[in-house]
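One-letter residues, chain by chain:
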Amino acid sequence: MSQGSSQRPHRVAVIVDEGTNPFEVGVATELFGLPRPELGLPGPLYEVVLCGPAPRIRMNHGFCTLTGVPGLDAVDGADTLVVPGRPDNVVPRVPAVLDAIRRAHARGTRIVSFCTGTFALAEAGLLDGRRAATHWRWADSFRRLHPKVLLEPDVLFIDEGDVLTAAGSAAALDLGLYIWRRDHGAEIANHVSRRLVFAAHRDGGQRQFVERPVPDVRDESLGPLLAWAQERLGEPLTVADLSAHARVSPATLHRRFRAQLGTTPLAWLTAERVALACRLIERGEERLDVVAARSGLGTAANLRARLRRATGLSPSAYRRRFGGGGGEALVP
């Protein structure tokens, strides 16, 4: 676990303020607040507390009102602080909220914003000279209010180490799963992903590390094919092989992939092989030629190129970040 003590759950505080969007609060509690017996662990990995500047918080457009909300001093015991978005971004946050964010950051708490929560982080002074993401609809107003922030409006999320920002409400799920993977590795993150039934492989400029499970699609014709292919990634599997197994023409298969997954058969196959290579590296396999062969990427050179293109990291850098081992290089 990257933050907090291994002897207790990682504490996540979620700030709710006047006008906060309920969806992003729900994302935080769904990701980090639910028991996960399917992981087979002796206890929870995270615990969540909502906190705010008042015990009674009216949510966005009065959809609901939260009562009995703990005070912002709950932030002081958090390992991660989540700041959801709200629609009235040009209205300054209450000073107590900004002070809590600054206080948490100063004590080394990991700070996470969902959607337009980035505005609060910028207003607190955490983002000057740093990259950040926010919803594309608010990009122009964000730049006007916070010109010192290096806004990247065309990505899903950005990891700046101690501060992570997600571009939109649904991108909060992408970022949350990324945090699971950063803290606990791909195996556990994929269990969480499957429980969420969050299966879309979304392009958006942000290099994604979290693997995606087999999609639950309305047309079930692709489901058995994807499962069949995932069991044979180390074999010399081609798009022609996929078409033959599905008993459709390559053109029909291409249309189905585009319609159901938003990608091509070749791109999906390559992404699955890279995801398998990542899992092998995380599990401790140090021989690049073995990783390349078992994942179907063929050669160490192709593995390096594909991994860097997908994640922005070399195999050794990926292992240092996600493998939980030392910093030694992988064996060519």
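Reading the values: rules and limits
Residues numbered from 1 in each chain as written. Predicted model: local features only at pLDDT ≥ 70, side-chain atom pairs only at ≥ 80, totals over all residues. Heavy atoms only, no water. Helix = DSSP H or I, 4+ residues; strand = E, 2+ residues; numbered from the N terminus. Buried < 20%, exposed > 50% of the residue type's maximum accessible area, 1.4 Å probe, protein only. Core = buried A, V, L, I, M, F, W, Y, C linked by side-chain atoms within 4.5 Å. Contact = heavy atoms within 4.5 Å. Patch = residues over 30% accessible without salt bridge, like charges linked within 9 Å, V, L, I, M, F, W, Y side chains within 5 Å. Areas by Shrake-Rupley, 256 points an atom, 1.4 Å probe, with all protein chains shown as cover. Salt bridge = Lys/Arg side-chain N within 4 Å of Asp/Glu carboxyl O. Phe/Tyr/Trp six-rings, centres within 6.5 Å; stacked < 30°, edge-to-face > 60°. Pairing = 2+ DSSP bridges. Axes fitted to C-alpha atoms, helices over the stretch in contact; angles between N-to-C directions.

A look at the overall build of the protein
Link 1 in the chain: Along the protein, the regular secondary structure elements total 13 helices and 10 strands.
Link 2 in the chain: Burial analysis of the protein (332 residues in total) assigns 50% to the buried set.

Some remarks on the nonpolar core
It is characteristic of soluble globular proteins that their nonpolar side chains tend to be buried jointly.
Link 1 in the chain: Grouped together as the largest cluster of nonpolar side chains are 62 residues, with contacts concentrated most on Leu-31, Phe-114, Leu-175, Trp-180 and Phe-257.
Link 2 in the chain: With residues near it in sequence (within four places) discarded, Phe-114 still touches Glu-24, Val-27, Ala-28, Val-82, Val-83, Pro-84, Gly-85, Ala-166, Ala-172 and Leu-175.
Link 3 in the chain: By size, the runner-up hydrophobic cluster in this structure holds 27 residues, among which are Cys-51, Val-83, Ala-100 and Phe-142.

What to know about a nonpolar patch on the surface
Link 1 in the chain: Among the surface-exposed residues, Val-90, Val-91 and Leu-145 lie close enough to one another that they form a single nonpolar patch of about 260 Å² accessible area.
Link 2 in the chain: Turning to its location among the elements, Val-90 is positioned in the loop between strand 5 (80-83) and helix 2 (95-106).

With respect to the environment of Gln-230
Link 1 in the chain: Of note, Gln-230 is situated in helix 7 (residues 222-230).
Link 2 in the chain: Looking at Gln-230, the relative accessible area reads 24%, which means it is partly exposed.

Some words on the packing of aromatic side chains
Link 1 in the chain: One pass over the full model with this rule turns up 5 aromatic pairs.
Link 2 in the chain: Their ring planes at 65° and their centres at 6.0 Å tell us that Phe-257 and Trp-268 sit as a pair that is edge-to-face. Within this pair, whereas Phe-257 is found in helix 9 (residues 250-261), its partner Trp-268 is found in helix 10 (residues 265-282), the two being separated by 11 residues in sequence. Side by side, Phe-257 and Trp-268 carry an identical accessibility label, which is buried.

Here we look at unusual backbone geometry
Link 1 in the chain: With a phi angle near 55°, Cys-115 is a residue other than glycine that sits in the positive phi range.
Link 2 in the chain: For Cys-115, a relative accessible area of 5% gives the class buried.
Link 3 in the chain: A positive phi angle, close to 60°, is found at Arg-247, a residue other than glycine.
Link 4 in the chain: On the secondary structure map, Arg-247 appears in the loop between helix 8 (239-246) and helix 9.
Link 5 in the chain: Accessibility expressed as a relative area gives 79% for Arg-247, which makes it exposed.

Some details on the pattern of salt bridges
Link 1 in the chain: Under the counting rule described, the total for this entry stands at 17 salt bridges.
Link 2 in the chain: Between Arg-131 and Glu-152 there is a salt bridge, with its nearest N and O atoms 3.5 Å apart. Taken together, the residues Arg-131 in strand 7 (residues 131-132) and Glu-152 in the loop between strand 8 (150-151) and strand 9 (157-159) connect sequence positions 21 residues apart.
Link 3 in the chain: Residue classification places Arg-131 among the partly exposed residues on the basis of a relative accessible area of 32%.
Link 4 in the chain: For Glu-152, a relative accessible area of 24% translates into the label partly exposed.
Link 5 in the chain: A salt bridge links Arg-143 to Asp-140, with the nearest nitrogen and oxygen atoms 3.6 Å apart.

Topic: the sheet that holds strand 2 (residues 46-51)
Link 1 in the chain: Read from one edge to the other, the open sheet built from 6 strands follows the order 2-1-5-6-10-9, with strand pairing classed as mixed. Since the sheet does not close on itself, it has two edges, and those belong to strand 2 and strand 9, each with one partner. Neighbour to neighbour, the strand axes of the sheet diverge by 15° on average, direction disregarded.
Link 2 in the chain: Pairing of strand 6 (residues 110-113) with strand 10 (residues 163-166), which is carried by 3 bridges, proceeds in the parallel orientation. Opposite Val-112, over in strand 10, you have Leu-164 as the bridge partner.
Link 3 in the chain: Set on the sheet, helix 5 (residues 171-184) makes contact with strand 2, strand 6, strand 9 and strand 10; between it and strand 10 the angle comes to about 145°.

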